[in-house]
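Residue-level listing of the chains:
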Amino acid sequence: MDERSVDYMEAAIAEAFYAIKLGEVPVGAVVVKDDIIIARGYNQRETRRDIFGHAELYALKAASEAIGSWRLCACTLYVTLEPCAMCAAACVEAQLKRIVFGAFDADYGACGSALDLVSGRLGNTIETIGGVYEARCSKLISDFFTAKRRLRVPGN
């Protein structure tokens, strides 16, 4: 992975910290085109009471607005967690060039872990690179849920 890609993944991790501050699952994403971050997003499902409140979807929407097109075929999504089926399908529909993610998600990941929706099954094939800063991204998620379990009141 080149130096610029590391910077983009760092930016996605920074977005995940915004989610943590809101009590959201710490997932962050950035969209890059021509070596420039054109959009950012972080999870906001609880905050906005939005079923579609995933980091990837916010980043894709902002990227579309930034370039004035829903076709993101020259763009790369960097995200801290392997996209779920909903987000992977949105990436396919947006015609992304590449997805780079940190932590694998064996339960819900749709870029090869639980499902593979980006290898052409839905039409568009997206190059996928997983496991970038995997330990760091996995720790963000596991620490979040460990802390949440500690705060849970028995009987609720």
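Quick note: structure is the one above.
Residues numbered from 1 in each chain as written. Predicted model: local features only at pLDDT ≥ 70, side-chain atom pairs only at ≥ 80, totals over all residues. Heavy atoms only, no water.

Asker: Any chance you could break down the overall build of the protein for me, citing the residues and the numbers?
Answerer: Scanning the protein for helices and strands turns up 5 helices and 5 strands. For the protein, the α and β elements follow one another from N to C terminus as α-β-β-α-α-β-α-β-β-α. Its C-alpha atoms give the protein a radius of gyration of 15 Å, within 12% of the compact-globule value 15 Å for 156 residues. Considering the protein as a whole, with its 156 residues, one finds that 42% of them fall into the buried category. Sequence-distant contacts in the protein: of pairs separated by 6 or more residues, those separated by 24 or more amount to 58%. Total accessible area on the protein stands at roughly 8,400 Å², and carbon and sulfur atoms take up 52% of it. Side-chain charges of the protein comprise 18 positive and 20 negative groups, with the mean position of each set lying 5 Å from the other. (Helix = DSSP H or I, 4+ residues; strand = E, 2+ residues; numbered from the N terminus. Rg over C-alpha atoms; globule rule 2.2 N^0.38 Å. Buried < 20%, exposed > 50% of the residue type's maximum accessible area, 1.4 Å probe, protein only. Contact = heavy atoms within 4.5 Å. Areas by Shrake-Rupley, 256 points an atom, 1.4 Å probe, with all protein chains shown as cover. Lys, Arg positive; Asp, Glu negative; His and termini not counted. Charge placed at Lys NZ, Arg CZ, Asp CG, Glu CD.)

Asker: Account for the sheet that holds strand β5 (residues 127-129), naming residues and giving values.
Answerer: Taken in spatial order, the 5 strands line up as β2-β1-β3-β4-β5 in an open sheet, and their pairing is mixed. Whereas interior strands pair on both sides, the edge strands pair on one side only; in this sheet they are β2 (36-42) and β5. Along the sheet, successive strands turn relative to each other by an average axial angle of 15°, direction set aside. On the sheet, helix α3 (residues 55-67) packs against β1 (28-33), β2 and β3 (75-81) and is oriented at approximately 145° with respect to β2. (Pairing = 2+ DSSP bridges. Axes fitted to C-alpha atoms, helices over the stretch in contact; angles between N-to-C directions.)

Asker: Could you give an account of the pattern of salt bridges, naming the residues involved and the relevant values?
Answerer: Between side chains of opposite charge, pairing is possible as soon as their charged atoms come close. One pass over the structure, following the stated rule, counts 6 salt bridges. The shortest N-O distance in the salt bridge between R136 and E10 comes to 2.8 Å. Residue R136 is found in helix α5 (residues 134-151), and its partner E10 is found in helix α1 (residues 3-21); the two are separated by 126 residues along the sequence. Judged by relative accessible area, which is 29%, E10 ranks as partly exposed. Linking R98 and E127 is a salt bridge whose minimum nitrogen-to-oxygen distance equals 3.1 Å. Note that R98 is positioned in strand β4 (residues 98-103) and E127 in strand β5, a separation of 29 residues in sequence. (Salt bridge = Lys/Arg side-chain N within 4 Å of Asp/Glu carboxyl O.)

Asker: Describe the packing of aromatic side chains, and please don't skip the residues or the numbers.
Answerer: The tally for this structure, following the rule as stated, stands at 4 aromatic pairs. Sitting above the plane of the Y133 ring, R136 keeps its charged end 5.5 Å from the centroid. (Phe/Tyr/Trp six-rings, centres within 6.5 Å; stacked < 30°, edge-to-face > 60°. Lys NZ or Arg CZ within 6 Å of the ring centre and 35° of its normal.)

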